[in-house]
Amino acid sequence: MAIEQGQYFDDSEVAPQHVRQEYQRRKLAEALKYAYLHSSSARNLMDFVGLEPSPNITVEDLERLPIIRKTDLIEMQKANPPFGGLLAIPQDEIERIFVSPGPIYEYQPSGIQWFARSFYAAGFRKGDIVVNTFTYHMSPAGLLFHEGLRQCGATVVVMGTGNTDALLQTLLDLRVNGFLGTPTFLMSVIKRAEEMGYNFSRDFALKKTWFTGEMLPPSLRKAFEENYHLSTSQAYAVTEPGGAIAYECQEKSGLHLLDDYIVEIVDAHTGRQMNPGEVGEIVVTPIHNRSWGLIRFGTGDMSTLITEPCGCGRTSYRISGIVGRAGDAVKVRGMFIVAKQAEQVMSGFKEVSRFQIIVDREDDRDDMRVKVELKNDATDRNQLANEISEKIQNICRVRPDSIEFVEPGTIPERRKTIEDLRKWE
Ligand SMILES: [Zn+2]
């Protein structure tokens, strides 16, 4: 399923690097000026650091602005609801509003497309039947990916998350040849098919896969490609600044950045820009439209910038894969768990004196367990465990795999609310 060299979504993918840089510099200046004029929070921040929205503004000038993280966004929106002073278009021009964990409200104006380049690079074309297993509910994933696939001409099966058996039946009945989802989910689907007695490569038509939402470990990629003869591709997307940030080409050596964002790799503590090759936090400023006053959004994901040319011919810079997380928001099975939010949920349980969430990796799947210390041993543990699981799922949108009651004093007083023990190798 190799994708031929020299196939690009459009010519801008091979535009000379200096053309890209000039385009981005101009769009950045325009975006900052627009945000200054139309978003109260952007104006306040720029005034605070004395940054004037001039046409000569450069990417280096961004260093003067603070990084806005998920937790800041939650606070900003709480203080100034619903959009935290970031709304920069008339409300009646909003096409959709998404609700991310936090909660964070994000809006999308009409006519925005981001994902088509990524799907094109992954080989999706007219004639393909692609199942989209990302949720169409609340989050942008389902709808935005759907639209991107349509731009490549593919037919989309509106699946959403959920039932593995129903998905298997659909894959068979419709002779689906493309899959969008998380790698963990696809592997669980394949394993289920094997349990049911199928030979996955022989009995199913699936050939092309595209992943996002969690990292694709090299071992899992190898299994998909070598054991099941699937082509694999992945993209890096971040909801808050608006979607697709980077996508993989057939070289699979880093993810190409889209021109619609200024992506800085920075020291997570100082906000200073790092040199290519150095590990830092991915910080994103959307410059593609005049709709969102969000400047310097800190993703919490750590990566490096690659400036060497890519063998595929695309001229954009790349980022390496995600090498870790900065800060306290941890991604579990594609969803961020924010420490503050988890604390809020757990503070509702009067029986609990202390807790800690442990995230680990078991059999190629994220495993989340909640350690709990009780105030009073007479509590009905089973019932409490169920209530905690349900509440965490409702609010944080990831169901814990287990609730573990531990002896008082086991969880240190100064602990990380969420301990991420996963190693990506
Ligand atoms: Zn490439």
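As a reminder, the structure under discussion sits directly above these lines.
Remember, predicted model here, so these are calculated numbers, not experimental data.

What counts and how
Residues numbered from 1 in each chain as written. Predicted model: local features only at pLDDT ≥ 70, side-chain atom pairs only at ≥ 80, totals over all residues. Heavy atoms only, no water. Buried < 20%, exposed > 50% of the residue type's maximum accessible area, 1.4 Å probe, protein only. Helix = DSSP H or I, 4+ residues; strand = E, 2+ residues; numbered from the N terminus. Pairing = 2+ DSSP bridges. Contact = heavy atoms within 4.5 Å. 1 Å grid on protein atoms, 1.4 Å probe; cavity = no way out; pocket = protein on both sides within 12 Å on 5 of 7 lines; lining within 4 Å. Points joined across faces, edges and corners; volume = space filled by probe spheres on them. Nonpolar A, V, L, I, M, F, W, Y, C, P; charged D, E, K, R; others polar. Donors = N, O, S within 2.8 Å, 3.2 Å for Na, K, Ca; no water. Tetrahedral: all angles 85-135°; square planar, octahedral: opposite > 155°, others 65-115°.

(A) The arrangement of the pairing of strand β3 (residues 104–109) in detail. Within β3, five of the six residues are buried, which leaves the element mostly enclosed by the surrounding structure. Looking at chain direction, strand β2 (residues 94–100) and β3 are connected through six bridges and run antiparallel. Bridge assignment links Ile97 to a residue of β3, and that residue is Tyr107. Counting the residues that bridge the hairpin from β2 to β3 gives three residues, and of these Gly102 lies at a positive phi of roughly 150°.

(B) A look at the side chain of Asp260. When you line up the elements, Asp260 lands in the loop between β10 (255–257) and β11 (261–266). Setting aside residues no more than four positions away along its own chain, Asp260 makes contact with Tyr23, Trp114, Thr285, Pro286, Ile287 and His288.

(C) Structural view of empty space enclosed by the protein. Tallying each qualifying case throughout the model produces one cavity of 30 Å³ or more. Looking at the largest cavity, it is lined by 13 residues, and the ones nearest its centre are Ala31, Ala35, Pro286, Trp292 and Gly293. If you list the elements that add at least two residues to the lining of the largest cavity, you get α1 (17–38) and β12 (280–286). Tallying contributions element by element places α1 first for the lining of the largest cavity, with four residues. When the residues that make up the lining of the largest cavity are grouped by side-chain class, the tally is eight nonpolar, four polar and one charged.

(D) Representation of the coordination of the zinc ion. Protein-derived coordination of the zinc ion comes from Cys249 (SG), His256 (NE2), Cys310 (SG) and Cys312 (SG), at a distance range of 2.1 to 2.2 Å. Here the zinc ion binds four donor atoms, and the angle range of 102 to 113° at the metal identifies the geometry as tetrahedral. Sequence positions of the residues that donate to the zinc ion give the spacing C-x6-H-x53-C-x1-C. In this pair, His256 is assigned in strand β10 and Cys310 in the loop between β14 (305–306) and β15 (318–319), connecting sequence segments 54 residues apart. On the accessibility criterion, His256 (0% relative accessible area) is buried.

(E) Spatial organisation of the layout of surface pockets. Considering only enclosed or pocket space, the second largest pocket measures out at about 600 Å³ in volume. Every residue lining the second largest pocket is counted, 23 residues in all, and those nearest its centre are Gln24, Val59, Val263, Leu305 and Tyr317. Of all the secondary-structure elements, those providing two or more residues to the lining of the second largest pocket are α1 and β11. For the lining of the second largest pocket, the per-class residue count stands at 11 nonpolar, seven polar and five charged.

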